[in-house]
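Residues per chain are reported as follows:
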Amino acid sequence: MFSKETRYLYRRNQLAEVICQFRFPTILSISAQEPVALQEAIRDVFPQYQRREDRLPFKVTPVPGQLPKVEQPKPVTNYQFMTVDGVYRINLTQDFISLTCARYDRWEEFARMMDKPLANFIEIYHPAYFQRVGLRYLNAVSRRDLDLEDTPWRELIEPMYLGMLASETMEERAFSRCTQDVEAALPGGCRMKLHVGPGLLKRGQDSSDKEVKLILDLDVSLSGNMAVKLAAAGMNTVHANAGMIFRDAITETLHDAMEPEA
């Protein structure tokens, strides 16, 4: 497990979304007033702005001898700054800042787009430290787009990641559901959450795509009180782990179909 082969850039990558998130101790001033200074600092690249209120799950507190106490937490203000084409989006709340990419090309470009907003955020809000840095790669492998429509999943994804779907004695159509969810420790103090299995990919309100894709949803994180100056190193650590896992999960057939460039 955890391949250490050459890193590749795939011309036909199957990424639906990539997200990098930095969590920090709550900064109340972020919710208390509009982030004017941050907008001015990044508006040349992220000119579009939206604000929304995110509702949190109900909080249930057991009470001895009584019914549980159910509370609705206050909504969390989520500020969004987007590029003109909407491909990149910065999200800022009182607890985290993140970058989402809807059309991922390569790591260097993604990291460059995160670098300035993160530096401006640090300069303006002075977080004490980062509690968690996470990197999520949502892959939706389309056999149709890769000209592999007659190829079974077991020839594209390594058996260890497929579970019973890798069986050579059962047909894919026999399964109404077959997914695998894993949480595990990784090198460098990281942890991963991994979901693998066939499914439909829904983008917003668009549900017109009925192709069943192979969802490989990988979230790699590094937790602990990380010094602000180590933010870039933390990003690179989780990225390195994510790359090793992905290469380990795919077969040479899928690797070649995505047209790798070293």
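All of the points below concern the structure found in this document. Just so it is clear, the structure is predicted and the values come from calculations on it, not from any experiment. (Residues numbered from 1 in each chain as written. Predicted model: local features only at pLDDT ≥ 70, side-chain atom pairs only at ≥ 80, totals over all residues. Heavy atoms only, no water.)

What follows deals with unusual backbone geometry. Positive phi, normally seen in glycine, also occurs at His 126, with a value near 50°. Relative to the assigned elements, His 126 resides in the loop between helix H3 (107-125) and strand S9 (130-141). Judged by relative accessible area, His 126 falls into the exposed class, the value being 59%. Within the chain, Glu 259 stands out as a residue other than glycine whose phi angle is a positive 60°. (Helix = DSSP H or I, 4+ residues; strand = E, 2+ residues; numbered from the N terminus. Buried < 20%, exposed > 50% of the residue type's maximum accessible area, 1.4 Å probe, protein only.)

Extensive coverage of S9 is indicated by the burial of nine of its twelve residues. Taken together, the eight bridges between strand S2 (residues 15-23) and S9 define a ladder with antiparallel strand orientation. Note that in S9 the partner of Cys 20 across the bridge is Leu 135. Sheet analysis places S9 next to strand S12 (residues 213-226), joined by eleven bridges and oriented antiparallel. Counterpart to Leu 135 in the pairing with S12 is Val 220. (Pairing = 2+ DSSP bridges.)

On to the sheet that holds strand S3 (residues 48-54). Read from one edge of the open sheet, nine strands run S3-S6-S7-S8-S2-S9-S12-S11-S10, paired in antiparallel fashion. The open sheet is flanked by S3 and strand S10 (180-185), the only strands paired with a single partner. Geometrically, the sheet is characterised by an average inter-axis angle of 15° between neighbouring strands, direction not taken into account. Sheet topology places S2 next to strand S8 (residues 96-101); six bridges connect them, and they run antiparallel. Residue Gln 21 lies in a different strand from S8, and its bridge partner there is Ser 98. (Axes fitted to C-alpha atoms, helices over the stretch in contact; angles between N-to-C directions.)

With that settled, the discussion passes to the nonpolar core. Phe 22, Phe 110, Phe 121, Phe 130, Ile 157, Leu 216 and Val 220 are the most contacted members of the largest nonpolar core, which has 67 residues in total. Once residues lying within four places of it in the same chain are set aside, the contact partners of Leu 216 are Tyr 137, Leu 138, Asn 139, Ile 157, Leu 194, His 195, Val 196, Phe 246 and Ala 249. Counting residues in each nonpolar core, the second largest holds five residues, with Ala 16, Leu 138, Ala 140 and Ile 215 among its members. (Core = buried A, V, L, I, M, F, W, Y, C linked by side-chain atoms within 4.5 Å. Contact = heavy atoms within 4.5 Å.)

With that out of the way, let us pick up H3. With 19 residues, H3 should reach 27 Å at 1.5 Å per residue; the first-to-last C-alpha distance of 26 Å fits that figure. Of all bends in H3, the biggest is about 25°, found at Asp 115, and the proline Pro 117 comes one to four residues later. Looking at H3, one finds that the buried residues are Trp 107, Phe 110, Met 113, Met 114, Pro 117, Leu 118, Asn 120, Phe 121 and Tyr 125. (Expected span 1.5 Å × (residues − 1). Bend = angle between axes of the 7 residues up to and from the residue.)

In the structure shown here, the tally under the stated rule is nine aromatic pairs. Summarising the aromatic geometry, the rings of Phe 22 and Phe 130 are spaced 5.0 Å apart at their centres and angled 55° between planes, so their arrangement reads as tilted. Separated by 108 residues along the polypeptide, Phe 22 in strand S2 and Phe 130 in strand S9 bring together distant segments of the chain. Relative accessible area serves as the criterion here: at 0%, Phe 22 is assigned to the buried category. Taking relative accessible area as the criterion, Phe 130 reaches 0% and is therefore assigned buried. Arranged with centres 5.9 Å apart and planes meeting at 50°, the rings of Tyr 104 and Phe 110 form a pair that is tilted. Put simply, the rings of Tyr 104, Trp 107, Phe 110 and Tyr 137 pair up and form one aromatic cluster. (Phe/Tyr/Trp six-rings, centres within 6.5 Å; stacked < 30°, edge-to-face > 60°.)

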